[in-house]
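Each chain, letter by letter, is given below.
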Amino acid sequence: MFKSTANVTTTRASIYLQQLCKHFGHKVEVQFDPQSGKIKFPFGTCALSADDTALDLTVLAETQPDLTKTTRVIASHLERFAFRENPTIVWHPYPTSSIDTA
C-alpha cells in the first residue's frame, strides 16, 4: 500500500471538499459531508478533511503508479476548482513500511 498526504491552506476548504466529491460522484463512489469525504477511484482512494483554515488530503493506492495517478487527478481538479486562489498542493509520500493497513 502506498500513501501520500497534502495540506492545502484555504478558508474555502469545505466548499472545495464538497465540490470535488460532487464532481467525482457522477463517476465513482463517494461519501461526504461538509467536514469530511472519501472518493473511491478504481486506482486509489482519497480521504478529505476540511476545517476553517485548510483542506487535508490523504491518498492510498496499491501501487506507486496508481498513487501518482490518484494524486494527479485530485490535484488537477482542485487546482481547476480553486483557480482564483491558485492553491499550493505539495504531496508528502509515506514509506510503504510505515502504513497501517488495518
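Rules and cut-offs
Residues numbered from 1 in each chain as written. Predicted model: local features only at pLDDT ≥ 70, side-chain atom pairs only at ≥ 80, totals over all residues. Heavy atoms only, no water. Core = buried A, V, L, I, M, F, W, Y, C linked by side-chain atoms within 4.5 Å. Buried < 20%, exposed > 50% of the residue type's maximum accessible area, 1.4 Å probe, protein only. Helix = DSSP H or I, 4+ residues; strand = E, 2+ residues; numbered from the N terminus. Contact = heavy atoms within 4.5 Å. Pairing = 2+ DSSP bridges. Axes fitted to C-alpha atoms, helices over the stretch in contact; angles between N-to-C directions.

Chemist: Sorry, what's going on with the nonpolar core here?
Modeler: One broad rule of soluble globular proteins: the nonpolar side chains tend to lie buried together. With 28 residues, the main nonpolar core has Ile39, Leu48, Leu55, Leu57 and Leu78 as its most contacted residues. Put simply, the parts of the chain that give this core at least two residues each are strand 1 (2-9), helix 1 (13-24), strand 3 (36-41), strand 4 (44-50), strand 5 (54-61) and helix 2 (64-81). When residues no more than four places from it in sequence are discounted, the contact partners of Leu78 are Val8, Tyr16, Leu20, Leu55, Leu57, Pro87 and Ile89.

Chemist: What am I meant to see in unusual backbone geometry here?
Modeler: The phi torsion of most residues other than glycine is negative, and most of the peptide bonds are trans. For Asn86, which is not a glycine, the phi torsion comes out positive at approximately 50°. In this fold, Asn86 is placed in the loop between helix 2 and strand 6 (92-94). Residue Asn86 is classed as exposed on the basis of its relative accessible area, which comes to 62%.

Chemist: I'm lost on the sheet that holds strand 6 in this one. Help?
Modeler: One key point about sheets: their strands pair by backbone hydrogen bonds, in either a parallel or an antiparallel sense. Strand order in the open sheet formed by six strands is 2-3-4-5-1-6, and the pairing between neighbours is antiparallel. Two strands bound the open sheet, and with one partner strand each, they are strand 2 (29-32) and strand 6. With direction set aside, neighbouring strand axes in the sheet form an average angle of 15°. As judged from the three bridges shared by strand 1 and strand 6, these two strands associate in the antiparallel manner. Within the sheet, the bridge partner assigned to Lys3 lies in strand 6 and is Tyr94. Contacting strand 1, strand 3, strand 4 and strand 5, helix 2 crosses the sheet at an angle of about 155° to strand 5.

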